[in-house]
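Here are the chains, one letter per residue:
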Amino acid sequence: MKKKIITSLFILFTCFSVGAVLSIWYIHDSTERLSRVIELHQVENIRRSLVLSLQTVQADLYSVKTGFARELDSIIGNVRILDKASENCTTCHHSPELTKNLQEMQKLVHQYQDYISYYITGSANENRLEKLKLQAVEQGNNLLGITQNMSHRSSRHLETLSKNAMDNVNKVKTIMFITLLGTLLIAIFVAVKLINFVTYPISNLLEATRKISSGDFGFTTSYRDSTEFGELAEHFNIMSITVKEEYEKTQKEIQRSMLAEEALSESKKRYELAARGANDGLWDWNIATNKTYFSPRWKSMLGFEEDEVKDAPEEWFNRVHPDDRKRVESEIAGSLETPTAHFICEYRMLHKDGTYRWMLSRGLAVKNESGLVARMAGSQTEITERKIAEEQLIHDAFHDTLTGLPNRVLFMDRLKHADRRAARHKDYIFSVLFVDLDRFKVVNDSLGHAIGDELLVAVSQRLEECLRPGETVARLGGDEFAILLEDIKSNNDMEHIINRIQNKLEMPFNLSGNEVFTSASIGISLSVAGYVNPEHMLRDADIAMYHAKLNGRARYEIFDERMHAHVVARLQLETDLRHAIENHQFHLNYQPIMLMDTGKIKGFEALVRWNHPNRGLIMPAEFISIAEDTGIILALGKWVLEEACKQLSIWQKQVACDISMGVNLSIKQFTPHLVSTVKDAILHAGIKPESLILEITESMIMENAESASKLLAELKLLNVKLHIDDFGTGYSSLSYLHQFPLDALKIDRSFIAKIGIDSDEKLEIVKAIAALANNLNLDVIAEGVETVEQLAHLRHLNCKNMQGYLFSRPLDVESAGKFLRQSLNGDGESARKQKEG
Amino acid sequence: MRRIKKSVRNAGYLRYLYLFALVLFLFSGVAYSSELVIGLIPEQNVFKQLERYKPLGEYIEKKTGINIKFTMLSRYGNIIESFRNNKMDAAFWGSFTGALAVKKLNVEFIARPVNPDGASTYKGYILVRKDSGIKNAADMKGKTIAFVDKATTAGYVFPLAYFKGNGVKNPEGYFKEYYFTGSHDAAIKALLEKQADIGCAKNTIYEKMAKEDPRVKKELQIIAESPDVPSNGLGVRNTIDDSIKTKLKKTLLDMDKDPEGQKVLEIFGSKNFVPTTADDYTSVFKLAEEAGIDILKYDYLNK
């Protein structure tokens, strides 16, 4: 193929070259001839001007000595033109012969000039002058002849030259035409041939290329031949397959890298978002250059603009609080030494506004290829608020929110401190004061909790005022305070402080316009007692305080072992009490209530007794409060109610008479649940509800008059009787009393006992109560009637129901049954006798 | 005619000057420009003479900014007439015409050329053909003599003095024929072509022709030679502005120091220019006296 193309082109080139060379040769020749012709034409012109000049000068020569003479300068000008013309002639290209002729001619011209000059300047007789003139004229004519002759000859030569040149031009035309025509024919032939050779495989490959460019990778062409096109087709097919394979490979590669990039960008975004979300500042310390990048957030955290902080690490360290700096530096140094360890540090940094802010910085050192630590980067978070909150939390954890005093936890901590010191120093003595306000509940109940709180705050202030620096007063809760007195030198010391406390607290408080009085009971425990556990000191102070309360309040007691024993005993009792019901250690006694009109029994009041296996019989006064404190009262109360109802049912059946049964209720039982308990007991025993008397105290209903009123109404719906027990001892609002569905008042035994002994004062009270009951249409029952005198007085007051030793002690079940029967069968007198007997 | 622009110095004359300039313009019909017309005497072939001076004129033009126009004279004596008729502002004076100018015209001399041999003077020769057998003035009787011009030192005044010195009181009648060739080379040429037996010419032209034509030394003999007279120097009308005179003088005197000027001098056939004054013409006056010529009354026109 290549050979064919080369050969074709070579033939074409040769044909053209031959024509071109011939043409060029002839053209060159013609050009030479033509330029010669042109040149000769110029020479002809020059010669013509030479002839003209000569004629001019000749004319001058004839006229110079006449009146028509030109000026000499003008003649000189003409001669110069002649001179120039002759010079021009000699400079043209001529044959050597001609050149010689021309030079000769120029010489003649110069001679001619001489002759003219001589003639012009000469002054002599006419003959001589004429001679001179003729000499010049002859010379001029001679010159003219030569020139014209030469001109004639050259004209002929010129003609011949022109004809030859034109012949040559015609020849060139013919050669050019033949060459062009021949070349064109050969070119057409070659082109047709080449097109046939090239077009088919090209269009074949072109089609294949189109397929590939339209995405059909791997397309192969079926074209085969032995020329370069065949080879091209073969390689094309290989290339196409390779392209397909590579394309698929690249496609996969791109997909993989796109996924990786996506993941990277996602991770970047996530990190950015996290950093932004966390509002963290970032830093990146290049150890090698000792330059640090601080992110804009890092700077703004400290109140700086972007360009106000340079990239030196000192920008960081110099702002760290002097107290924290050593710690930060050592943390960083540690992290640089062991790059796997995270650097985490909390410290304060100087803000632009001059305050210090808490920062939490976290970072990690990174090693380079050579294993050296190259950089360290991390984040910085402002934790000032967290720190403040932490401090607040810590403060709150150790302080009472109301008064701001240390709480029990902190107090115990201080106590332990003191205890440890005491262990080191033998003569170091400290004590714990347990302060409880007297009658705080009353203030709370009467003036409200807000005033109660105010009182607590005021008291805490006064307590603090009483102490020496370093001593601790803590609020343990409610109205309980604890004071730690340290390094006590003598009893006087301590008493002095205690007196001061009590004096201070007894001074009136002005709380929101209310004048409030209070006092404190104080229990004291001393370290000299040799406590192992500081907790016990507080416990013992509490016990001592309890005793101070027992002993009349507004006083202090120093703890001793007996107090402890008392408490231990009480605790034991509490434990025993828990098992008393299931062990059937309780039983009921019944005290008869007499009706004065008939002198016969009206009913009983059920009284619980605890038959303790070790201590024998225990009265309610000793264990009811414990039962109330421990919650046993609910089970106990239920048992009492059921037992009493059951016994009443038995008795009512025996005597066929509607005697009543009074049951005492504890304040703890006074809940809505009570209604169903009472109902169940009645139903279970099968008694008439109106024969059951529930005895409640004033404080039970007055504590929460509203809910009590509701509960009492519900109980009343059961048709049970409701009596106020111990009337006169508690706090009663007479205005409320008539709103409750009450049936009777029981006058407390303390009023009855004093009748006839003290004065008439108590009698007056009893009288007033009786009158009140009468007015409210309530029955009155007098308790604790022991003497005949009392009986007489009460009779006089028209008190119809009585209870007391005068009639009968509380009796066990059998005795009570016997008393019942005798009373109903006999008269009141016999019953009293039996009792006396 | 004066064509030198005069600068206006006084406002008082302004009006008159304008009027004068207008008149000049109307009558002359020539543009009011700075042009200096210098006359040349036909020392040799007039065409060659002009060719010789042309480069010098162009050089002065270039250096001074003054337009130089040469005008060729067909007679030596015409130079006096032409100068008087205001046709020329300056001329390269022959020694005798120079002497006439000193006496008759107010001419101020500027500079004169120095020959290649170092002399700023020339002298006149009386020449004869060797084959004529003439040895002295006595032998010349009845011969044909070719003078140059009545107004030349070498070509007339010196021969006249020579004849007077040798007892020839009046050349008229002593010679068979005498005539004036008008130029020195023509005189020598006349000898060579046997038109004359005796010829008079200046030595510089003699030497120049001797170089071109070997016949000069071969066929001619020098019978007598004159004392030195100053070479053809430039003299200007003394009414010309001093600044122009100074410019001309400086240009000519400094020519040999300038490479371009050196080239021009070479064509001109001189080494350099030297200053010249009226005093330099003493030798000419003396020679004229010897020749019995009263310069003031002398009829210098050829007959």
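Here is what the cut-offs are and how they apply
- Residues numbered from 1 in each chain as written.
- Chains lettered and ligands numbered in written order.
- Predicted model: local features only at pLDDT ≥ 70, side-chain atom pairs only at ≥ 80, totals over all residues.
- Heavy atoms only, no water.
- Helix = DSSP H or I, 4+ residues; strand = E, 2+ residues; numbered from the N terminus.
- Buried < 20%, exposed > 50% of the residue type's maximum accessible area, 1.4 Å probe, protein only.
- Contact = heavy atoms within 4.5 Å.
- Phe/Tyr/Trp six-rings, centres within 6.5 Å; stacked < 30°, edge-to-face > 60°.
- Lys NZ or Arg CZ within 6 Å of the ring centre and 35° of its normal.
- Expected span 1.5 Å × (residues − 1).
- Buried area = accessible area lost by both parts, 1.4 Å probe.
- Salt bridge = Lys/Arg side-chain N within 4 Å of Asp/Glu carboxyl O.
- Polar contact = N/O pair within 3.5 Å; in protein donor to acceptor, adjacent residues only side chain to side chain.
- pLDDT = per-residue confidence, 0-100.
- Axes fitted to C-alpha atoms, helices over the stretch in contact; angles between N-to-C directions.
- Parallel < 35°, antiparallel > 145°, perpendicular 65-115°, else oblique.
- Nonpolar A, V, L, I, M, F, W, Y, C, P; charged D, E, K, R; others polar.

### Description of the overall build of chain B
Of the regular secondary structure elements, chain B holds 11 helices and 13 strands. Counting the 303 residues in chain B, one finds 54% classified as buried. In chain B, the share of contacts with a sequence separation of at least 24, taken over all contacts with a separation of at least 6, comes to 78%.

### As for the packing of aromatic side chains
Residues and elements named next belong to chain A. As enumerated under the stated definition, the model contains 33 aromatic pairs over all chains in all. Where Tyr-428 meets Phe-430, the ring centres are 6.2 Å apart and the plane angle is 40°; that geometry is what we call tilted. Phe-430 sits in the buried class, given a relative accessible area of 1%. A cation sits over an aromatic face here: Arg-462 above Phe-509, 3.5 Å from the ring centre. The positively charged end of Arg-809 is found above the aromatic ring belonging to Tyr-805, 4.7 Å away from the centroid.

### Describing helix H15 (residues 561-580) of chain A
For H15 of chain A, which comprises 20 residues, the first-to-last C-alpha distance of 28 Å matches the rise-based estimate of 28 Å (1.5 Å per residue) to within 8%. By the burial criterion, the buried members of H15 of chain A are Met-563, Val-567, Leu-573, Asp-576, Leu-577 and Ala-580 of chain A.

### Quick word on the interface of chain A and chain B
Each side of the interface is counted separately: chain A has 21 residues, and chain B has 27 residues. Here chain A meets chain B over a buried area of about 2,100 Å², counting both sides, of which 47% is carbon and sulfur. When residues of chain A are sorted by the area they lose upon contact with chain B, Tyr-118, Ser-123 and Arg-128 of chain A head the list and together hold 29% of the total. Lys-189 of chain B is the partner of Asp-114 of chain A in a salt bridge, and the nearest nitrogen-oxygen pair spans 3.9 Å. The interface formed by chain A and chain B contains five residue pairs in polar contact (both at pLDDT 80 or more).

### Section: unusual backbone geometry
Residue Ala-554 of chain A is not a glycine yet carries a positive backbone phi of 50°. For Asp-726 of chain A, which is not a glycine, the phi torsion comes out positive at approximately 50°.

### Side note on the confidence of the model for chain B
Residue and element names in this part refer to chain B. Per-chain confidence: chain B averages 83 in pLDDT, with 88% of residues scoring 70 or above. Here residues 1-11 is a poorly scored stretch, pLDDT under 50, and it has 18 contacts once near neighbours within four places are set aside; other chains count. The low-confidence segment residues 24-33 (pLDDT under 50) makes nine contacts with residues lying over four places distant or belonging to another chain.

### Re the packing of helix H14 (residues 534-550) of chain A against H15 of chain A
Any two packed helices are characterised by how steeply their axes cross, that is the angle between the axes, and by the distance between the axes. All names here are of chain A. At a minimum axis separation of 10 Å, H14 and H15 run at an interaxial angle of 90°. On the basis of the axis angle, H14 is roughly perpendicular to H15. Here Arg-539, Asp-540, Ile-543, Ala-544, Tyr-546 and His-547 of H14 come into contact with H15, specifically with Met-563, His-564, His-566, Val-567 and Arg-570. Tallied by class, the residues present in the contact of H14 with H15 amount to five nonpolar, three polar and three charged.

### What about the environment of Ile-116 of chain A?
As for its placement among the helices and strands, Ile-116 of chain A is situated in helix H3 (residues 96-121). Put simply, Ile-116 of chain A and Leu-712 of chain A are 596 residues apart on the chain and 181 Å apart in space, counted from C-alpha to C-alpha. Beyond its immediate sequence surroundings of up to four residues, Ile-116 of chain A is in contact with Val-57, Leu-61 and Ala-136 of chain A together with Phe-47 of chain B.

### Concerning the pattern of salt bridges
Residue and element names in this part refer to chain A. In the structure shown here, the tally under the stated rule is 54 salt bridges over all chains. Arg-562 serves as the salt-bridge partner of Asp-560, at 3.0 Å between the closest nitrogen and oxygen. Across the pair Glu-783 and Lys-746 runs a salt bridge whose closest N-O atoms are separated by 3.6 Å. Pair noted here: Glu-783 is in the loop between strand S20 (779-782) and helix H24 (788-796) and Lys-746 is in strand S19 (residues 744-747), with a separation of 37 residues, a long-range link. Owing to a relative accessible area of 0%, Lys-746 belongs among the buried residues under this scheme.

### Describing the side chain of Glu-315 of chain A
Residue and element names in this part refer to chain A. Among the structural elements, Glu-315 can be located in helix H7 (residues 314-317). Polar side-chain contacts of Glu-315 include one of 3.1 Å to the backbone nitrogen of Lys-310. Not counting the four nearest positions on each side in its chain, Glu-315 is found in contact with Phe-294, Trp-298, Val-309 and Lys-310.

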